[in-house]
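# Architecture at a glance
Chain by chain, the residues run as shown.
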Amino acid sequence: MLEIKDVTYYYKSQKDKVILNHISYSFEKGKMYAVLGASGSGKTTLLSLLAGLDVPVEGEICMDGENIIGKGLNAHRKENISLVFQNYNLIDYLTPVENVRLGGKEDPMGLLKAMGLDETQSRRNVMQLSGGQQQRVAIARALAGNAPVLLADEPTGNLDEDTANEIIAVFAELAHKQNKCVIVVTHSKELARQADVILTLGKGSFH
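What comes next is a walk through the structure.

Reading the values: rules and limits
Residues numbered from 1 in each chain as written. Predicted model: local features only at pLDDT ≥ 70, side-chain atom pairs only at ≥ 80, totals over all residues. Heavy atoms only, no water. Helix = DSSP H or I, 4+ residues; strand = E, 2+ residues; numbered from the N terminus. Rg over C-alpha atoms; globule rule 2.2 N^0.38 Å. Buried < 20%, exposed > 50% of the residue type's maximum accessible area, 1.4 Å probe, protein only. Contact = heavy atoms within 4.5 Å. Areas by Shrake-Rupley, 256 points an atom, 1.4 Å probe, with all protein chains shown as cover. Lys, Arg positive; Asp, Glu negative; His and termini not counted. Charge placed at Lys NZ, Arg CZ, Asp CG, Glu CD. Pairing = 2+ DSSP bridges. 1 Å grid on protein atoms, 1.4 Å probe; cavity = no way out; pocket = protein on both sides within 12 Å on 5 of 7 lines; lining within 4 Å. Points joined across faces, edges and corners; volume = space filled by probe spheres on them. Nonpolar A, V, L, I, M, F, W, Y, C, P; charged D, E, K, R; others polar. Core = buried A, V, L, I, M, F, W, Y, C linked by side-chain atoms within 4.5 Å. Axes fitted to C-alpha atoms, helices over the stretch in contact; angles between N-to-C directions. Parallel < 35°, antiparallel > 145°, perpendicular 65-115°, else oblique. Left-handed = near helix turned anticlockwise from the far one by under 90°.

## Some words on the overall build of the chain
- Within the chain one finds nine helices and 10 strands.
- Expected size for 207 residues packed as a compact globule is a radius of gyration near 17 Å; at 17 Å, the chain falls within 12% of this value.
- C-alpha extents for the chain along the principal axes are approximately 55 × 35 × 35 Å.
- For the chain, with 207 residues in total, the buried portion stands at 50%.
- Look at the contacts in the chain between residues 6 or more apart in sequence, and 73% of them connect residues 24 or more apart.
- When the accessible surface of the chain is summed, it comes to about 10000 Å², and 45% of that surface belongs to carbon and sulfur atoms.
- Where the 22 positive side-chain charges of the chain centre and where its 25 negative ones centre are 2 Å apart.

This is the structure:
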């Protein structure tokens with residue numbers, strides 16, 4: 001479905017420091033993937049390439065067999081990709097409903113309810129919610145576009161252990177019950193253990 005084909009990446013100013021070195025991998029629908037790796041191992045770079053926020057120096061990223069550059073990176077992001085970040089990236093003067101509405105056409109209240117927020121919580125200022133609730137709003141917003149691939153960058157990094165486990169369970173359910181391809185970049189071995197597939201990135205390749 002989403003495929004990395006012989007991808008190499010380095011910063012143009014640091015050609016001697018290869019971040020990704022001829023890596024290939026195929027991600028499937030209905031599975032949750034955890035990408036582990038030390039700081040600086042290229043985890044966030046990989047996510048940026050999958051999302052079409054950056055392009056490989058060599059190789060290609062393909063969606064359903066088509067190079068995403070050929071399709072257009074904006075079209076790829078709009079149609080295929082939902083992003084969830086560690087710091088939620090919510091608009092702080094809006095309510096959860098208003099934030100989710102920015103993500104796409106799906107019913108915001110239905111999505112927020114599915115994420116465990118009630119109507120009162122969904123209509124108050126988003127800054128009045130706990131960190132776990134804010135991350136649930138961020139996931140609901142990501143789902144509003146109904147994209148087949150969900151990419152998450154350290155989504156539990158700011159959460160306590162119990163809340164983090166709840167968020168991980170949400171991701172697993174999205175993969176298994178909604179048949180989405182969920183790819184989570186994390187340093188949490190606890191989160192990784194609950195994924196269907198664990199990929200460890202280091203020295204430019206998967207281990």
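This is not the end of the story, as more comes after the structure.
## Section: the sheet that holds strand S2 (residues 18-27)
- Taken together, four strands build an open sheet; the order of strands is S2-S1-S4-S5 and the sheet is antiparallel. The open sheet terminates on both sides in strands that have one partner only, identified here as S2 and strand S5 (66-67).
- Note: strand S1 (residues 2-10) against strand S4 (residues 58-63), five bridges, orientation antiparallel. Across the sheet, the residue bridging to Thr8 is Glu58, located in S4.

## Some details on the sheet that holds strand S8 (residues 181-185)
- Taken in spatial order, the six strands make up an open sheet running S6-S7-S8-S3-S9-S10, and their pairing is mixed. Edge strands, defined here as strands with exactly one partner in the open sheet, are strand S6 (81-85) and strand S10 (205-206).
- Where strand S3 (residues 32-36) meets S8, four bridges bridge the pair, whose relative direction is parallel. For Val35, the partnering residue across the bridge sits in S8 and is Val185.

## Some remarks on the layout of surface pockets
- Its volume calculated, the largest pocket comes out at about 400 Å³.
- When contributions to the lining of the largest pocket are tallied by element, the ones reaching two or more residues are helix H3 (73-80), S6 and helix H7 (131-143).
- Broken down by class, the residue content of the lining of the largest pocket amounts to six nonpolar, five polar and five charged.
- Within this model, the second largest pocket holds a volume of roughly 210 Å³.

## Observations concerning the pairing of S1
- Looking at chain direction, S1 and S2 are connected through six bridges and run antiparallel. Looking across to S2, one finds that Glu3 is bridged to Ser26.

## Considerations on the nonpolar core
- In this structure, Met32, Val137, Ile139, Phe171, Leu174 and Val182 are the most contacted members of the largest nonpolar core, which totals 38 residues.
- Of all the secondary structure elements, the ones that give two or more residues to this core are S3, helix H4 (96-101), helix H5 (108-114), H7, strand S7 (149-153), helix H8 (161-178), S8 and helix H9 (189-193).
- Look past the residues within four positions of Leu174 in its chain and what remains in contact with it is Ile139, Leu143, Leu150, Asn179, Lys180 and Val182.
- If you look at the next biggest cluster of nonpolar residues, it comprises 28 residues, including Leu50, Ile68, Leu151 and Val197.

## As for the packing of H7 against H8
- Two numbers describe how H7 lies on H8: the axes approach to 10 Å, and their chain directions differ by 15°. What the angle tells us is that H7 and H8 run roughly parallel. Crossing angle aside, the handedness with which H7 passes H8 is right-handed. Facing H7, whose interface residues are Gly132, Gln135, Arg136, Ile139 and Leu143, H8 presents Thr163, Glu166, Ile167, Val170, Phe171 and Leu174.

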